[in-house]
Amino acid sequence: MGKTADLTTVQKMTIDTLKKEGKTQKVIAKEVGCSQSSVSKHINREAKGRKRCGRKECTSKRDKRALERIVKQNRFKNVGEIHKEWTVAGVSASRSTTHRRMQDMGFSCRIPRVKPLLNKRQRQKRLAWAQDKKDWTAAEWSKVMFSDESTFCISFGNQGPRVWRKTGEAQNPRCLKSSVKFPQSVMVWGAMSSAAVGPLCFLRSRVNAAVYQEVLEHFMLPAADQLYGGDDFIFQHDLAPAHSAKSTSTWFKDHGIPLLDWPANPPDLNPIENLWGIVKRKMRDARPNNAEELKATIKATWALITPEECNRLVDSMPRCIAAAIQAKGAATKY
C-alpha cells in the first residue's frame, strides 16, 4: 500500500484543537477526515517535539568536511568524479546524496566567468591607470567614444536549446542539432558613447593599419558626428598593433582627435565589451544559416540597443575603476 497524503495545515490545527478538548483519536480522525494512524503519528510527533520524520543522515560532519575539501581542490570536477573520490575516502553514499550534500553546503553548478590572465607588469600599469582616472566623474566619461572589434559566429556554442524526445529518437533528424567544424564568422567594428551606438563596420580582411584607418575615416568620423555633433570628445581604442601604429597615430594628430590613454589587456574596463555581450545574448535564439544572415541579425540587434543601456554602461566606469584599484590591478570581470 502506498504512502497516504500528508496532513494539511488546517487538519493539523483541527487535530490539536480536538485533542485539547479531550476527544479520542477515533473521533478526531472521523471529524478531520483522515486515518486514525495519521492522527496518532501527528499527536506523538508533537508530543516528542519532532518536526519531521525520515531516515537519519548517512554522512557525518567529518564526511561533509572531507567532501568540501574535495570540491575546493578542483572546482571544475563533475558530480560523478567528486562522488567517486568521496567514496574512495571511505564514505558510503549515493551519487544523489553527494549532490544534495554539495547543495546543502551552498555549491551550485554555474558557467564559469572568464577574465584575462595578467602578468605583474600589466597589473601594475592597470593599477596606475585606474588611480589616475579614479576622480573622473560619469560626466567626464560621457565625453569618451569607446570602440572595439568583436567576432560573431553562426554557431553560438553549446548553450543552445534542449530537445524533447522519446527513447529511440536520438538519431531522428528532427531531434538533431546541426554543427560544423569551422563555423562561419564575421568580425565587426563598433563604437558607442553614453548617448547611443554608432554605425557598424563589417571587416572583410585582417585588420592592419591601412584597413583600420579606412574604418576610422568612413565609420568613426560619421559616428562622432552622430554621437557628439560639434562637441569635443576623446576617442578610445585598445593597444592592438593596427591601433598603435605610427601611421595611425599620425592620422589622429592630423584630424585633431585626442586619444584616451589605455592600459594593456583591459577588456573588463571597456563598457563596449559588455555591450557586445548584450548583443550576443539577444541573438541567442537567432539561427542564421550563412554569413549574410548573420550580418543582418547583428545589424538588427545592434539597432535595438537603447540610449538607456549605453548610459548605464558608461555610468558604471567609476565603479569599474574603483574595483580595479581594490583588486590592485587584477582583472575584476569579463
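Residues numbered from 1 in each chain as written. Predicted model: local features only at pLDDT ≥ 70, side-chain atom pairs only at ≥ 80, totals over all residues. Heavy atoms only, no water.

Trainee: Pulling in residues and values, what's your account of the side chain of Thr248?
Mentor: Here Thr248 is to be found in helix α11 (residues 246–255). Discounting residues that sit within four places of it in the chain, Thr248 has contacts with Ala209, Tyr212, Gln213, Leu216, His237, Ala242 and His243. (Helix = DSSP H or I, 4+ residues; strand = E, 2+ residues; numbered from the N terminus. Contact = heavy atoms within 4.5 Å.)

Trainee: How would you sum up the pattern of salt bridges? Please name residues and give values.
Mentor: One pass over the structure, following the stated rule, counts nine salt bridges. The salt bridge partner of Glu31 is Lys23, with a shortest N-O separation of 3.7 Å. Its relative accessible area of 49% is what places Glu31 among the partly exposed residues. Take Lys23: its relative accessible area is 33%, and that puts it in the partly exposed class. One salt-bridge network, held together by shared partners, links Glu21, Lys23 and Glu31. (Salt bridge = Lys/Arg side-chain N within 4 Å of Asp/Glu carboxyl O. Buried < 20%, exposed > 50% of the residue type's maximum accessible area, 1.4 Å probe, protein only.)

Trainee: Please provide a residue-by-residue account of the nonpolar core, values included.
Mentor: In this structure, Trp141, Phe146, Phe152, Met192, Leu275 and Ile298 are the most contacted members of the largest nonpolar core, which totals 34 residues. Counting only elements with at least two residues in this core, the list comes to α7 (120–132), β1 (144–153), β2 (185–192), α12 (271–282), α13 (291–303), α14 (307–315) and α15 (317–326). A per-element tally of this core places α12 first, with five residues. Counting residues in hydrophobic clusters, the runner-up holds 19 residues, among them Phe233, Trp251, Phe252 and Ile257. (Core = buried A, V, L, I, M, F, W, Y, C linked by side-chain atoms within 4.5 Å.)

Trainee: Tell me what's going on with helix α4 (residues 61–73), and back it up with residues and numbers.
Mentor: Its 13 residues place the ends of α4 19 Å apart at the C-alpha level, agreeing with the 18 Å of an ideal helix rising 1.5 Å per residue. Taken as a whole, α4 has its buried residues at Asp63, Ala66, Leu67, Ile70 and Val71. The buried residues of α4 occupy one face: seen down the axis, they fall within an arc of 135°. Across α4 from its buried face, at more than 90 degrees, point the exposed residues Lys61, Arg62, Arg69 and Gln73. In this structure, the buried residues of α4 make contact with α5 (79–88) and α6 (95–104). (Expected span 1.5 Å × (residues − 1). Arc of directions from axis to C-beta.)

Spatial relationships are all this shows, so hold off on functional conclusions.
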